[in-house]
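Here's the letter readout for the chains.
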Amino acid sequence: MKKIFSGIQPSGTLTLGNYLGAMRQFVELQNNNDCYFCIVDQHAITVPQEPKELKDNIRSLAALYLASGIDASKSTLFIQSEVPAHTELSWMLQSMTYMGELERMTQFKDKSDGRDAVSSALFTYPSLMAADILLYDTEVVPVGDDQTQHLELTRNLAERFNNRFGNTFVVPEIQIPKVGARIMSLQEPTKKMSKSDENLRGFISMLDTPKQIEKKIKSATTDSEGIVKFDQENKPGISNLLTILSSCTGKNISELETEYENSGYGDFKGDVAIAVQNLLEPIQIRYKELIESDELDLILDAGAKKASKQANVTLNRSKEKMGLKR
């Protein structure tokens with residue numbers, strides 16, 4: 001069994017892209033690995049948040065983790081801010097993180113673009129992300145390909161600490177799924193699907209109604225060629241819908257191209273909508289059972305306790321090596 005860590009920000013309802021690119025593989029990984037799944041609420045506050053909305057989003061995300069198939073008897077599900085070791089180790093790692101490394105982070109550039117003022121936390125949060133991962137002796141981190149830059153920094157920081165203070169951290173490996181790792185916007189298929197998209201038609205929320213799903217997919221950007229074919233450069237919209245349909249049905253893309261070679265875009269989009277609806281329906285039913293239940297709180301309490309026990313072992317080892325203990 002390998003130790004696996006992954007975290008998602010509670011900054012809005014998860015999208016279909018989050019599920020297909022990350023959460024679904026978590027369910028498979030937990031069967032043969034020691035998995036820690038974290039709701040990274042302290043990452044969320046690197047940009048302004050409404051307290052009530054943030055609190056609701058944290059609970060909603062926890063319910064979605066479980067509704068998607070995360071089993072609390074196999075995995076550890078917890079909230080980042082309930083394990084203080086994360087911020088403490090983050091500060092220690094910041095002392096070894098270089099300004100130039102942080103300035104090169106493309107996500108910082110994207111999130112700070114157009115803002116009048118940017119918090120220092122938004123700039124330094126890759127160090128917190130590194131702490132999140134390293135606290136659990138993580139061996140594998142499953143992420144979308146947009147996070148590889150942060151994971152490389154985490155690996156560099158682990159190696160830098162180990163070289164200076166002696167063997168302390170496990171250097172984690174990156175795992176990216178081959179299919180469905182990058183689901184694109186329905187309206188701008190050259191951009192990743194994002195829950196922060198101002199165009200609500202650009203993403204499918206995991207809690208969208210069947211009617212909303214159908215409407216969004218039927219309005220998805222395509223092209224005038226009328227041929228269902230995967231060509232990411234020249235047909236990004238159709239290629240994105242093919243990726244979604246492949247991920248929802250398990251059929252490979254070449255098989256789908258053959259299946260729809262004599263079909264128009266209308267029929268194709270209709271089938272994509274049905275596939276997404278069928279995928280999300282059981283998740284939504286379980287979510288409604290969990291969201292206001294005591295069961296959810298009991299799972300999160302147990303998760304925080306278990307995570308703290310492991311995290312504190314790593315934190316104390318790191319402090320000892322760094323000279324921060326009497």
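Heads up: the structure comes first, above all this text.
Residues numbered from 1 in each chain as written. Predicted model: local features only at pLDDT ≥ 70, side-chain atom pairs only at ≥ 80, totals over all residues. Heavy atoms only, no water.

## So, the environment of Asn312
One can find Asn312 in helix α13 (residues 294-322). A relative accessible area of 35% places Asn312 in the partly exposed class. (Helix = DSSP H or I, 4+ residues; strand = E, 2+ residues; numbered from the N terminus. Buried < 20%, exposed > 50% of the residue type's maximum accessible area, 1.4 Å probe, protein only.)

## Some remarks on the pairing of strand β2 (residues 34-39)
Taken across its six residues, β2 has six buried, putting it largely inside the fold. Taking every second residue as pointing to the same face, both faces of β2 are buried, with Asp34, Tyr36 and Cys38 on one and Cys35, Phe37 and Ile39 on the other. In this sheet, β2 lies alongside strand β1 (residues 3-8) in parallel orientation, the contact comprising six bridges. Bridge assignment links Phe5 to a residue of β2, and that residue is Tyr36. Crossover β1 to β2 through helix α1 (residues 16-29) is right-handed. Looking at chain direction, β2 and strand β3 (residues 75-79) are connected through five bridges and run parallel. Considered in β3, the bridge of Tyr36 is made with Thr76. (Pairing = 2+ DSSP bridges. Right-handed = clockwise from strand over helix to strand, strands pointing away.)

## A look at the packing of aromatic side chains
All chains considered together, the criterion is met by ten aromatic pairs. Centroid distance Phe26 to Tyr65: 6.4 Å. Interplanar angle 15°. Geometry classified as stacked. Here Phe26 is found in helix α1, whereas its partner Tyr65 is found in helix α3 (residues 51-67), with 39 residues between them in sequence. Here Phe26 matches Tyr65 in class, with each residue buried. Aromatic rings pair up to connect Phe5, Tyr36, Phe78 and Tyr136 into one cluster. (Phe/Tyr/Trp six-rings, centres within 6.5 Å; stacked < 30°, edge-to-face > 60°.)

## Focus on the side chain of Ser318
With respect to the secondary-structure elements, Ser318 resides in helix α13. A relative accessible area of 0% places Ser318 in the buried class. With near-sequence residues (within four places) excluded, Ser318 lies in contact with Leu89, Met92, Phe161, Thr168 and Phe169. (Contact = heavy atoms within 4.5 Å.)

## As for the pattern of salt bridges
Oppositely charged side chains may form a pair once their charged atoms are brought near each other. In this structure the tally under the stated criterion is 16 salt bridges. The closest approach of N and O atoms between Arg155 and Glu152, which form a salt bridge, is 3.8 Å. Of the two residues, Arg155 and Glu152 both sit in helix α8 (residues 148-165), three residues apart, roughly one turn of that helix. Glu152 sits in the partly exposed class, given a relative accessible area of 39%. A salt bridge links Glu214 to Lys218, with the shortest nitrogen-to-oxygen separation between them at 3.1 Å. Of this pair, Glu214 and Lys218 both sit in helix α9 (residues 210-218), four residues apart, roughly one helical turn. What makes Glu214 partly exposed here is its relative accessible area of 25%. The network of salt bridges with shared partners includes Glu152, Arg155 and Glu173. (Salt bridge = Lys/Arg side-chain N within 4 Å of Asp/Glu carboxyl O.)

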